[in-house]
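# Structural overview for review
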Amino acid sequence: MNFIRTYPAHQNRVSAIIFSLATEWVVSTGHDKCVSWMCTRTGDMLGRHLFPSWASCLQYDFDTQYAFVGDYSGQITLLKLEQDTCSVITTLKGHEGSIACLWWDPIQRLLFSGASDNSIIMWDIGGRKGRTLLLQGHHDRVQALCYLQLTRQLVSCSSDGGIAVWNMDVSREEAPQWLESDSCQKCEQPFFWNIKQMWDTKTLGLRQHHCRKCGQAVCGKCSSKRSSYPVMGFEFQVRMCDSCYDSIKDEDRTSLATFHEGKHNISHMSMDVARGLMVTCGTDRIVKIWDMTPVVGCSLATGFSPH
């Protein structure tokens, strides 16, 4: 290898980098809270945009020059990059933790994000209806994502070694927005901050919870049931109000994902779809190669520790 050039793009750790052959740009994000794009021919800085927190991950649409930047505040910013400027198109908010990874599918125009809240969100950018799907099946921070266009499956990896393969070729429901209330929306008992109703009724305030199916604010007594609900992305047992639990008792709740154990901390993942191979690496300094054919039957092909 021959050294060519140094790009002074950031003043802190670089978190992601993408090369665009069409524009001859190097687009990168870093812990200096910015995204920058530089000309590969001249080495000149073309532009940069600052964020309120560390920029942690990056995806880029080569046709439209849109950049998706995830940050440590849990937001994803969609930018339109130009030769010497950029414009903010929108900001996506839905995660309760820092964004750890992004995956952009330019064909279906779907954006997938994984975060430290152990969840994945699918953003339907091309649908123009603001549709989002929540996927919860990991026990730790989601570190890597890859969407398989041909089979309509999403592969996700977490820092505890969990590997999930999600079936995205099914009809899924959006998780509801959580409603806010000063009293239980089922039994009307006051929550602990509703001092007036507590005083008027001479009762103690209750803790507020939320039903994952309907989103209503409920007390613990009215939401004592737990159930998985894969069609809404909940592969684990989650809280439901009694009426929602009764309404799904006869529904098919078969899992819409398969789960596998990587047996090492996974921080990065890459897939060779043509050969059905996946490579994972982690902070344990181990690289593992996985045979993903068929995808639902992951088996370890080989593993080695070069570091």
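Residues numbered from 1 in each chain as written. Predicted model: local features only at pLDDT ≥ 70, side-chain atom pairs only at ≥ 80, totals over all residues. Heavy atoms only, no water.

In the annotation of an unreviewed UniProt entry, the protein chain is listed under the name FYVE-type domain-containing protein and assigned to Myotis myotis.

## Description of the sheet that holds strand β15 (residues 162–167)
Going by this rule: For two strands to be treated as a pair, DSSP must find no fewer than two bridges joining them. The helix and strand labels rest on DSSP assignments: H or I over at least four residues marks a helix, E over at least two residues marks a strand, and numbering proceeds from the N terminus. All axes are obtained by fitting lines to C-alpha atoms, using only the stretch in contact for helices, and the reported angles, taken between N-to-C directions, cover 0 to 180 degrees.
The antiparallel open sheet is built from four strands, whose spatial order is β13-β14-β15-β20. Both outer strands of the open sheet, β13 (142–148) and β20 (257–261), are each paired with one neighbouring strand and no more. Averaged over all pairs of adjacent strands, the angle between their axes in this sheet comes to 15°, without regard to strand direction. With five bridges connecting them, strand β14 (residues 153–158) and β15 associate as antiparallel partners. By the bridge assignment, C157 is partnered in β15 with I163.

## Things to note about the UniProt feature "domain: FYVE-type" (unreviewed entry) in the protein chain
So the rule is basically this: UniProt positions are given in the numbering used here, feature names are shortened, and annotations may be inferred rather than shown by experiment.
When the UniProt feature table is mapped onto this chain, "domain: FYVE-type" (unreviewed entry) is found at residues 178–249. Overall, residues 178–249 shows 18% helix and 22% strand. The separation of its end C-alpha atoms is 22 Å.

## Things to note about the UniProt feature "repeat: WD" (unreviewed entry) in the protein chain
Look at the UniProt record and you will see "repeat: WD" (unreviewed entry) annotated at residues 92–125 and 135–176. Between the first and last C-alpha atoms of residues 135–176 the distance is 13 Å; the span itself is 0% helix and 50% strand.

## Examining the confidence of the model for the protein chain
Convention followed: Along the chain, pLDDT gives the predictor's confidence residue by residue, from 0 to 100. The contact criterion used is simple: two residues touch if any of their non-hydrogen atoms lie within 4.5 Å.
Taken over all residues, the pLDDT of the protein chain has a mean of 90, while the share at 70 or more is 94%. Residue range residues 296–304 is modelled with pLDDT below 50. Its contacts to residues more than four positions away, or to other chains, number 23 contacts.

## Observations regarding the sheet that holds strand β4 (residues 45–50)
What the four strands build is an open sheet, ordered β1-β2-β3-β4; its pairing is antiparallel. If you trace the sheet from one side to the other, it starts and ends with β1 (14–20) and β4, each paired once. Sheet twist, expressed as the average angle between the axes of neighbouring strands with direction ignored, equals 15°. When strand β3 (residues 34–39) meets β4, the two strands line up antiparallel, connected through five bridges. Note on β4: the bridge partner recorded for M38 is M45.

## Section: the packing of aromatic side chains
As a reminder, the rule being used: Only centres within 6.5 Å qualify two rings of Phe, Tyr or Trp (six-membered ring in Trp) as a pair; their planes then separate them into stacked at under 30 degrees, edge-to-face at over 60, and tilted for everything else. Whether a charge sits over a ring comes down to the Lys NZ or Arg CZ being within 6 Å of the ring centre and within 35 degrees of the ring normal.
Counting across every chain of the model gives seven aromatic pairs. Centroid distance Y60 to F62: 5.1 Å. Interplanar angle 85°. Geometry classified as edge-to-face. On the numbers, 5.9 Å between centres and 80° between planes, the contact of W166 with F259 is edge-to-face. Of this pair, W166 sits in strand β15 while F259 sits in strand β20; the two residues are 93 residues apart in sequence, bridging distant segments of the chain. Members of the aromatic cluster, joined through ring pairs, are F191, F192 and W193. In this structure, K202 is placed above the aromatic ring of W199, and the distance from its NZ or CZ to the ring centre is 5.1 Å.

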